[in-house]
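# Reading the structure
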Amino acid sequence: MRRSDSAEAAPRIGHRAPVSGGELPRAGAAVNAAVRAIALAWRESPWTLGLSVLISLAAGVSMPIAAWETKAVLDAISGPHPGGLPVRAAVLVCVAGVVATVLPVAGNYLQGAARRTIALRVQDDLFRAVNRFQGLARFEDPAFQDRLRIAQMGGLQAPSQLVNSIVALLRSAMTIVGFVAGAAAVSPPAAVLVVAAAVPGMYAQMVSGRRRVQGVWRNGPALRRRMLAQSLLADPRAVKEVRAFGLGDFFRERVHRDQRLINSVERSIELRVVRTQALCGAAGALLTAAVTAWALWRAASGHFSVGDVTVLLSATAGVQGALTGSAGSVSDAHTSALMYASFQEVATAGPDLPVPVPPRRPARLEQGIELRDVWFRYSPTADWVLRGVDLRIPAGRSTAVVGENGAGKSTLVKLLCRMYDPVRGSILWDGVDLREFEPGELRERIGTVLQDFMCYDMTALENIGVGDLGAADPERCEEAARRAGVHDFISGLPRGYHTMLSRIHVEDGGDADEGVVPSGGQWQRIAVARGLLRSDRDVLILDEPSSGLDPRAEAEVHRVLRDLRRGSASLLISHRLGAVRDADEIVVLAGGQVAERGTHEELLALGGGYAEMFETQAEGYQSTTVVATAAPTTVAGRAG
């Protein structure tokens with residue numbers, strides 16, 4: 001108990017706080033994100049964005065020019081001393097109208113081109129950052145998953161949307177400045193009222209935008225649950241069990257329940273948005289009405305000309321429209337900045353596993369791997385999974401780890417591959433702590449066959465070749481498939497090694513019927529072949545490598561793996577004790593601790609937990625053999 005207490009109080013060595021996911025970025029973070037997003041957009045597409053800005057400015061000033069020149073035309077033909085049509089003013093009115101119509105179209109095209117260029121860069125930055133996370137802690141953290149989803153959803157579009165909003169804001173600003181200048185030339189008080197009308201609308205849009213983004217954050221867990229349930233209703237990998245157990249309505253109800261929660265949050269936010277926009281809109285409308293009424297009163301009293309009234313009415317309508325657009329642009333820019341703040345938090349997050357600078361390079365394993373007093377749990381509030389484990393995996397020898405479910409076997413694999421670091425204690429590679437190595441370089445020295453292997457929607461050749469991309473030529477992949485006993489299956493596929501192992505993603509316009517979905521045992525052999533590409537590594541970790549195979553195939557695969565393990569430090573994890581009996585040492589984990597160790601014969605002689613598990617499994621096989629032998633007699637008797 002004293003040892004456990006000290007471990008509870010120990011610092012969480014090697015663990016990093018995950019990137020948060022449930023908190024809305026602060027205003028300062030949003031401003032910082034906006035600056036960085038604009039800088040990135042400008043670096044990626046300077047000429048396109050520069051030309052787009054110039055076009056927007058020209059389009060923005062065209063309508064005030066048209067209004068002012070219209071005033072000159074009207075005053076010339078309707079004043080107290082009417083003259084001829086002012087040709088210059090008439091031409092400028094026509095040109096301004098054409099410019100206001102054509103330039104926005106060209107601007108939209110340029111913005112679209114910039115958006116595609118920027119999105120390509122941002123997407124690459126996002127997944128480059130995700131690939132820097134060498135461990136599993138962040139990916140198993142729901143808050144980080146929410147943040148990553150928001151980064152994927154909004155971050156990819158945020159820089160271009162932010163730039164577009166700013167360009168639109170500049171266009172609106174030029175329109176407003178032009179109209180206000182024209183109004184001020186007619187009457188400064190009217191210009192003041194026009195400017196004042198901007199404040200309520202902009203405030204409403206700013207508040208509304210932030211509240212809508214808050215809704216996205218609040219709905220994060222419900223959105224994640226809904227997406228999971230939706231995927232289970234449509235994913236071919238899940239639909240078989242969903243149909244077998246009649247789970248369709250169960251998951252449909254979950255989708256419905258979470259959607260109701262999402263709708264409730266959105267409804268609450270929209271009600272607040274409507275109240276804010278209604279109040280601010282009424283204030284803006286009253287100010288606009290005041291400008292209009294005052295201009296008409298001045299005209300009726302003979303103080304304004306027809307051209308003056310036209311300018312003021314045009315300014316009122318133009319500024320009102322520009323302010324509405326600018327308020328929307330500000331809201332969109334604000335929302336995009338908040339979204340990009342989430343993207344930036346993911347993209348700029350430091351390594352999740354500490355690495356010294358410079359890291360040490362793992363040399364060829366000469367002595368072995370040693371675990372010294374290793375304690376581990378997945379969070380500060382969780383139970384300990386490993387409790388003071390001491391274990392040595394010698395170079396050139398095979399070590400097997402057995403134990404019941406939950407004993408800590410899979411966690412041990414994660415620690416050896418440095419997906420996590422121990423909370424306390426250390427794991428040594430020839431006496432050097434694994435934390436001294438860069439995780440990717442360490443894993444290059446390790447070959448693995450994992451229990452929860454991936455079934456990639458790719459060709460058979462690619463499914464094997466991902467085991468060692470640096471040396472995945474077709475000949476090596478075919479040889480690995482032969483050794484894993486899956487070559488005959490792959491060769492018989494419609495396109496051999498180039499057959500898609502999926503019916504969903506068939507490339508090159510091929511028929512979906514050409515895609516093949518292997519059985520569980522065939523996938524298991526493909527995963528073994530994938531691991532065989534790394535047969536020259538210093539350490540081989542085999543985590544339940546034959547769990548999906550029939551007894552004959554299991555014996556064949558273990559014969560191949562037995563040859564493969566020779567000369568390497570190997571760790572074999574299996575529930576089937578017959579597969580580990582030839583290991584140089586067998587370690588029994590129980591309750592996160594090493595309960596027994598020794599050879600197969602020594603552990604049987606010990607008469608402990610290993611002997612009990614072995615006898616239980618042996619009895620199961622004997623019972624199966626008796627039933628299998630008796631069955632034909634029984635059937636024959638019934639036939640007679």
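Residues numbered from 1 in each chain as written. Predicted model: local features only at pLDDT ≥ 70, side-chain atom pairs only at ≥ 80, totals over all residues. Heavy atoms only, no water.

## Examining the sheet that holds strand S3 (residues 398–402)
One open sheet accounts for 6 strands, arranged S6-S7-S8-S3-S9-S10; its pairing is mixed. Each end of this open sheet is capped by a strand with a single partner; those strands are strand S6 (446–449) and strand S10 (593–598). Here the strands of the sheet are splayed against their neighbours by 20 degrees on average, with no regard to which way each runs. Note that strand S9 (residues 585–590) and S10 share 5 bridges and pair antiparallel. Bridging across to S10, Ala-590 finds its partner in Gln-593. (Pairing = 2+ DSSP bridges. Helix = DSSP H or I, 4+ residues; strand = E, 2+ residues; numbered from the N terminus. Axes fitted to C-alpha atoms, helices over the stretch in contact; angles between N-to-C directions.)

## Quick word on a negative patch on the surface
A cluster of acidic residues, Glu-404, Glu-612, Glu-615 and Glu-619, forms a negative patch on the protein surface. Topologically, Glu-619 is positioned in helix H21 (residues 609–639). (Patch = residues over 30% accessible without salt bridge, like charges linked within 9 Å, V, L, I, M, F, W, Y side chains within 5 Å. Areas by Shrake-Rupley, 256 points an atom, 1.4 Å probe, with all protein chains shown as cover. Salt bridge = Lys/Arg side-chain N within 4 Å of Asp/Glu carboxyl O. Lys, Arg positive; Asp, Glu negative; His and termini not counted. Charge placed at Lys NZ, Arg CZ, Asp CG, Glu CD.)

## Examining the sheet that holds strand S2 (residues 386–394)
Read from one edge of the open sheet, 4 strands run S2-S1-S4-S5, paired in antiparallel fashion. The two strands at the open ends of the sheet, each matched to only one other strand, are S2 and strand S5 (432–433). Where strand S1 (residues 368–376) and S2 come together, 6 bridges link them in antiparallel fashion. Looking across to S2, one finds that Val-374 is bridged to Val-389. Together, S1, S2 and strand S4 (424–429) form the strand contacts of helix H13 (residues 409–416), whose direction differs from that of S1 by roughly 120 degrees. (Contact = heavy atoms within 4.5 Å.)

## Observations regarding the pairing of strand S8 (residues 569–573)
With 5 of 5 residues buried, S8 lies mostly within the body of the structure. Along S8, one buried face is formed by Ala-569, Leu-571 and Ile-573 and the opposite face, lined by Ser-570 and Leu-572, is buried too. Note that S3 and S8 share 4 bridges and pair parallel. Its bridge partner being in S8, Ala-400 is matched across the sheet by Leu-572. Pairing geometry for strand S7 (residues 539–543) and S8, over 5 bridges, is parallel. Its bridge partner being in S8, Val-539 is matched across the sheet by Ala-569. (Buried < 20%, exposed > 50% of the residue type's maximum accessible area, 1.4 Å probe, protein only.)

## Side note on the packing of helix H9 (residues 220–234) against helix H11 (residues 248–300)
Closest axis-to-axis distance for the H9/H11 pair is 9 Å, and the angle between their directions is 155 degrees. Of the possible angle classes, the one that applies to H9 and H11 is roughly antiparallel. Relative to H11, H9 is oriented so that their crossing is left-handed. Packed against H9, whose contacting residues are Ala-222, Leu-223, Arg-225, Arg-226, Ala-229, Gln-230, Leu-232 and Leu-233, the element H11 presents Gly-248, Phe-251, Arg-252, Arg-254, Val-255, Asp-258, Gln-259, Leu-261 and Ile-262 at the interface. By residue class, the composition of the contact of H9 with H11 is 9 nonpolar, 3 polar and 5 charged. (Parallel < 35°, antiparallel > 145°, perpendicular 65-115°, else oblique. Left-handed = near helix turned anticlockwise from the far one by under 90°. Nonpolar A, V, L, I, M, F, W, Y, C, P; charged D, E, K, R; others polar.)

## Some details on the environment of Pro-394
Residue placement: Pro-394 occurs in strand S2. Once the C-alpha coordinates of Pro-394 and Glu-585 are considered, the two residues, 191 residues apart in sequence, prove to be 9.8 Å apart. Aside from chain neighbours lying at most four places away, what touches Pro-394 is Gln-367, Gly-368, Thr-399 and Ala-569.

## Re the nonpolar core
Val-402, Ile-464, Ile-490, Ile-586 and Tyr-610 are the most contacted members of the largest nonpolar core, which totals 36 residues. Contributing elements (two or more residues each) for this core: S3, helix H15 (460–465), helix H16 (474–484), helix H18 (520–532), helix H19 (551–565), S9 and H21. Here the element with the most residues in this core is H18; it accounts for 5 residues. Aside from chain neighbours lying at most four places away, what touches Ile-586 is Ala-400, Val-402, Val-580, Arg-581, Glu-596, Arg-597, Gly-598, Thr-599, His-600, Leu-603 and Tyr-610. Formed by 34 residues, the second largest nonpolar core is a distinct cluster that contains Val-401, Val-423, Ala-569 and Val-587. (Core = buried A, V, L, I, M, F, W, Y, C linked by side-chain atoms within 4.5 Å.)

## Side note on the packing of aromatic side chains
Given two aromatic rings, one states the distance between the centres and the angle between the planes to describe the pair. The tally for this structure, following the rule as stated, stands at 10 aromatic pairs. Centroid distance Phe-376 to Tyr-378: 4.8 Å. Interplanar angle 85 degrees. Geometry classified as edge-to-face. You can call Phe-376 buried: its relative accessible area is 0%. Lying across the ring of Phe-133, Arg-138 places its NZ or CZ 4.5 Å from the centre. Sitting over the ring of Trp-384, Arg-377 keeps its end group 4.2 Å from the ring centre. (Phe/Tyr/Trp six-rings, centres within 6.5 Å; stacked < 30°, edge-to-face > 60°. Lys NZ or Arg CZ within 6 Å of the ring centre and 35° of its normal.)

Keep in mind that these numbers describe shape and distance, not what the molecule does.
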